[in-house]
Amino acid sequence: MTDTRPVALVWLRNALRVDDNPVLQAALDGGFRPVPVYVHAPGDAGRWPMGAAQRAWLHRSLAALDARLRGLGSGLVLRSGRAQAVIERLVAESGAVAVYGDRRVEPAWRALDQRLDAALARSGVRLEMRQAALLFEPDAESVRTGQGTPYRVFTPFWKTLRRQWPQDRPLPAPTSLPPLPALATGTLADLDLAPRTAWDTGFWEHWEPGGAGAHELLDAFVEGAAGAYDAQRDLPDRIGTSRMSPHLHLGEISPRQILARLADARWNARQKAGIEAYERELAWREFSHHLLWHFPHMQEEDFNPRFARFAWAEPAPQVLEAWRHGRTGIPIVDAGMRELWACGWMHNRVRLIVGSVLTKNLRQHWLAGARWFWDTLVDADLANNSQNWQWIGGTGADAAPYFRIFNPVTQSERFDPHGRYIRQWMPELAALPGKAIHAPWTQPALLARYAPAYPKTPVVDLAESREAALDAFRALR
DNA sequence: GGCGTCTTTGC
DNA sequence: CAAAGACGC
């Protein structure tokens, strides 16, 4: 039986799934024959082309999506180039009369969508964008302050979201899809996403990119850490978090699917507090996207304009290099940076600590940290990355200088009390006994005996640099 | 949420 | 009298 429906391209950017996919569903509901497409378009990403770690992840994620689509009778068309030219060419090749895509908040992608919409309209092709990544549209009428302005502070934003927290069921995956028309589908290798040297092999002991890996991880979270999330999420030596971020970023799974899975499980009163804490973190993700949508400059400019006068330290390449590669002499910081290098991911509590040390103690601009994370994180997301770095750097709306200059030693003692996380990522410190692991420079004899290869002192004096940062903050008043 | 200071607690 | 708690910047 031949499929006589008109063709629509289903252009997937960060919606790499077939289930709960409003983009695919809209094309089907519109009576179209869907042609799934991924366009690798680094030239369209402005100053934030996808980093190396995420490209390595994407390579595997696209392979998984292609296999899933083939299983349904379809497949994935892979192309690279400038997205507008590629889409226009695919429209011509396939005879598509509509293009469906997933909406993004990144300024460069929004600009592309505007250009593409105008270009397609000239040839009578509709561009239909759908929200596939967020629970709330960032410009939703129902997500405004009393004055009708976008939120700039998380707590009132969260209160508003909670009042209308979604309960709807995810869309089911289609049971089958029509075959692709005769088109050159391209190969994954053509996209040149996988690393040339095999620096990423260690990643895949920790991760399984793609929808199946995402749902397995979600199941493990719901059956394991979710109910104690509020108590355990800050302890990096165990699996206390969901680790959904890379899957969420590429849309291998949707936040609505996560909410539904959590709602389907039975929780006692104690566990409900854990789930509530987790949902609050999903709301932080919504908040970051809300902010970047309304304040697009925050991808690289201070959210709080007062910081234009802030006395950042001169860029210090050697200090930055020590931070990047985990040679600061502060064990919890070095452990985090090593975890990042090894896994393409870092526990969120440790992200806060390394961010505080970089921006407050070393007083390097938050963008220096944001750029390193951008290249090394498999979950790199412009909205989350910019928002989190501005939060820890103090340039966000709610700067609180006294509280955000973390003492990395206190943080280490509180959140990694037995030093298990440090020892896991810092073999050269593993033999150091007891509490000395948090601040080995205070125990020079132990350091010399058990960890001779480790720096004798931190790259920066923590007390002194804290005072200097406070002075710099006070100068802004 | 950090730190200095003052107060309370617990043995 | 040391450790934990409360408070203000």
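Computed from a predicted structure; not experimentally measured.

(A) View of the sheet that holds strand 5 (residues 126-130). Strand order in the open sheet formed by five strands is 3-2-1-4-5, with parallel pairing between adjacent strands. With one partner strand each, in any of the chains shown, strand 3 (77-80) and strand 5 form the two edges of the open sheet. Mean inter-strand twist for the sheet, computed between neighbouring axes without regard to direction, equals 30°. With five bridges joining them, strand 1 (residues 7-11) and strand 2 (residues 33-40) adopt parallel strand pairing. Across the sheet, the residue bridging to Trp 11 is Val 37, located in strand 2. Against the sheet, helix 1 (residues 22-29) engages strand 1, strand 2, strand 4 (98-102) and strand 5, with an angle of about 155° to strand 4. Across the sheet, helix 3 (residues 83-94) touches strand 1, strand 2, strand 3 and strand 4, and the angle it forms with strand 1 is around 155°.

(B) Quick look at the pairing of strand 4. Counting buried residues in strand 4 gives five out of five residues, a clear majority hidden from the surface. Alternating positions in strand 4 separate into two faces, Ala 98, Tyr 100 and Asp 102 on one and Val 99 and Gly 101 on the other, with burial throughout. One ladder, built from five bridges, connects strand 4 with strand 5; its direction is parallel. Bridged to Val 99 within strand 5 is Leu 127. Crossover connection from strand 4 via helix 4 (residues 107-122) to parallel strand 5: handedness right-handed.

(C) Structural detail: the packing of aromatic side chains. A complete count under the given rule lists 27 aromatic pairs for this structure. Ring geometry for Phe 154 against Phe 287: centres 5.6 Å apart, planes inclined by 65°, an arrangement best described as edge-to-face. With Phe 154 in helix 5 (residues 154-163) and Phe 287 in helix 11 (residues 269-294), this pair connects stretches of sequence that are 133 residues apart. Like Phe 287, Phe 154 is buried. Where Trp 341 meets Trp 372, the ring centres are 5.8 Å apart and the plane angle is 10°; that geometry is what we call stacked. With Trp 341 in helix 13 (residues 331-343) and Trp 372 in helix 15 (residues 366-376), this residue pair connects regions lying 31 residues apart in the sequence. The exposure class of Trp 341 is exposed, given its relative accessible area of 52%. Members of the aromatic cluster, joined through ring pairs, are Trp 57, Trp 199, Phe 203, Trp 204, Trp 207 and Trp 345.

Conventions adopted
- Residues numbered from 1 in each chain as written.
- Chains lettered and ligands numbered in written order.
- Predicted model: local features only at pLDDT ≥ 70, side-chain atom pairs only at ≥ 80, totals over all residues.
- Heavy atoms only, no water.
- Pairing = 2+ DSSP bridges.
- Helix = DSSP H or I, 4+ residues; strand = E, 2+ residues; numbered from the N terminus.
- Axes fitted to C-alpha atoms, helices over the stretch in contact; angles between N-to-C directions.
- Contact = heavy atoms within 4.5 Å.
- Buried < 20%, exposed > 50% of the residue type's maximum accessible area, 1.4 Å probe, protein only.
- Right-handed = clockwise from strand over helix to strand, strands pointing away.
- Phe/Tyr/Trp six-rings, centres within 6.5 Å; stacked < 30°, edge-to-face > 60°.

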